[in-house]
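Here's the letter readout for the chains.
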Amino acid sequence: MKTVIVCASASHGNTKRIAEAMAQVLEAAVVDPEQIDAAELATYDLVGFGSGIFLRKFHPRLRRFAQSLPEGERGRAFVFATSGLAESRIRPFTRPLVRLLKRKGFEVDDTFSCRGFDTWLPFRLVGGINKGRPNATDLEAARTFAEGLRARIGATP
C-alpha cells in the first residue's frame, strides 16, 4: 500500500512526531504540503492529512493545500491533529477538513487527535500547557491508530 502523510507542523514539532509514528507503521513518507502536488498525490493508495490546531482550525498551509486539490475520484485518506485543548464531540475540529476532503473525492477512513504542547496566548503566560506532549502514550496511540487503518484497508506493508 503506497502511503504518504502530508503534515504541516509549525510550533513545537508536535504533529510531526505523531506523523512519524504513524509513518513507521504505514511505511509512509512524511512531507510538507509544499513538497507534493496534486498529480503526485493521485499516485498514492492512502493519504494522511495533519497539522496542529490553531484557533480550532488546521494550519493555513494544510487548509490551502487541501482547498487547491481538484475535485475528482481519489483514494483513501485519514486526518490527524495535535491540539492544546481536547477535541469537542459536539463540534470536532477535524470535521471541516474531513468534509473538504470528501468533496475533493477522498474516502476518509478515520481521524486521530491527541494533546500537544501549546504556548498560544494566554497559555504562554503560564509557560504553556501539556508540557511533554505528545508523550510515549500518545505516540503509541498514533501507532495503534495506523495499525487499525492498515487492518481496515486490508493491506500490509
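Counting starts from 1 at the beginning of each chain's written sequence and moves along it residue by residue. Where local features are concerned, this predicted model is filtered to residues with pLDDT of at least 70; where side-chain atom pairs are given and counted, the filter is 80 or more; whole-chain, interface and lining totals use all residues. In computing side-chain values, all of the structure's heavy atoms are included and hydrogens and water are not.

In the nomenclature of an unreviewed UniProt entry, the protein chain corresponds to Flavodoxin from the organism Kutzneria viridogrisea.

What counts as a helix is a DSSP run of H or I of at least four residues, what counts as a strand is a run of E of at least two, and both are numbered from the N terminus. If you tally the helices and strands in the protein chain, you get five helices and six strands. In the protein chain, the succession of helices and strands from N to C terminus is β-α-β-α-β-β-α-β-α-β-α. Three exposure classes are used, based on accessible area relative to the maximum for each residue type with a 1.4 Å probe and protein chains only: buried under 20%, partly exposed in between, and exposed over 50%. Looking at the protein chain residue by residue over its 157 residues, the buried ones come to 46%. Within the protein chain, counting contacts between residues at least 6 apart in sequence, those at least 24 apart form 75% of the total. For the area figures, the Shrake-Rupley method with a 1.4 Å probe applies, and any residue is considered shielded solely by the protein chains shown. Carbon and sulfur atoms provide 50% of the accessible area of the protein chain, an area that totals close to 8,000 Å². Any pair of residues with heavy atoms lying within 4.5 Å of one another is described as a contacting pair.

This part is about the nonpolar core. We define the nonpolar core as a collection of buried residues of types Ala, Val, Leu, Ile, Met, Phe, Trp, Tyr and Cys that are connected through side-chain atoms lying within 4.5 Å of one another. Counting 25 residues, the largest nonpolar core has Val6, Leu41, Phe49, Leu97 and Phe106 as the members making the most contacts within it. Counting residues per element, the ones that place at least two in this core are strand E1 (3-8), strand E3 (46-54), helix H3 (60-68), strand E5 (76-83) and helix H4 (95-103). Examining the composition of this core, we find that four residues originate from one element, H4, more than from any other. Discounting residues that sit within four places of it in the chain, Leu97 has contacts with Phe49, Phe58, Leu62, Ala66 and Val79. Ranked by size, the runner-up nonpolar core spans 21 residues in total, among them Ala19, Val25, Leu26 and Phe145.

Now for the pattern of salt bridges. In the sections that follow, a salt bridge refers to a side-chain nitrogen of Lys or Arg positioned within 4 Å of a carboxyl oxygen of Asp or Glu. Summed over all chains, the structure comprises six salt bridges. A salt bridge links Arg76 to Glu107; its shortest N-O distance comes to 3.5 Å. With Arg76 in strand E5 and Glu107 in strand E6 (residues 107-115), this pair connects stretches of sequence that are 31 residues apart. Look at Arg76 and you get partly exposed, because its relative accessible area is 24%. Three or more residues joined by partner-sharing salt bridges are found here, namely Asp32, Glu34 and Arg61.

Let's shift gears to the confidence of the model for the protein chain. pLDDT measures how confident the predictor is about each residue, on a scale from 0 to 100. In the predicted model, the protein chain carries a mean pLDDT of 88, and 85% of its residues have values of at least 70. Predicted confidence in the protein chain is weakest over helix H2 (residues 38-41), with a mean pLDDT of 90, and strongest over strand E2 (residues 29-31), with 98.

With that out of the way, let us pick up the side chain of Arg74. By secondary structure assignment, the location of Arg74 is in the loop between H3 and E5. Ignoring sequence-local partners within four residues, the contact set of Arg74 consists of Ala38, Ala42, Leu69, Lys104, Gly105 and Phe106.

Taking 1.5 Å per residue as the helical rise, helix H5 (residues 136-153) with its 18 residues ought to reach 26 Å, and the 26 Å between its terminal C-alpha atoms agrees with that figure. Among the residues of H5, those classed as buried are Asp138, Leu139, Ala142, Phe145, Ala146, Gly148, Leu149 and Ile153. Tucked inside the fold, the buried residues of H5 contact helix H1 (14-26), E3, E5 and E6. Definition of a polar contact: a pair of N or O atoms within 3.5 Å, with one able to donate and the other able to accept a hydrogen when the atoms are protein atoms, and with sequence-neighbouring residues admitted only if both atoms are side-chain atoms. Two to three positions downstream of the cap, the backbone nitrogen of Thr137 sits 3.1 Å from a side-chain oxygen, assigning the N-cap of H5 to Asn135. Expected helix span is taken as 1.5 Å per residue step, with the number of steps being one fewer than the number of residues.

When you tally the buried positions in E3, you get eight out of nine residues, the bulk of the element. A pair of strands is considered paired only if DSSP assigns at least 2 bridges between the two. Two elements, E1 and E3, share six bridges in a ladder whose sense is parallel. The residue bridging Ala8 from the neighbouring strand is Ser51, located in E3. For E3 and E5, the ladder comprises seven bridges, and the chain directions are parallel. Bridge assignment links Phe49 to a residue of E5, and that residue is Val79. The sheet contact formed by E3 and strand E4 (residues 57-58) spans two bridges and is antiparallel. The residue bridging Phe54 from the neighbouring strand is Lys57, located in E4. Where E3 hands over to E4, the hairpin turn is made up of two residues, of which Leu55 adopts a positive phi near 55°.

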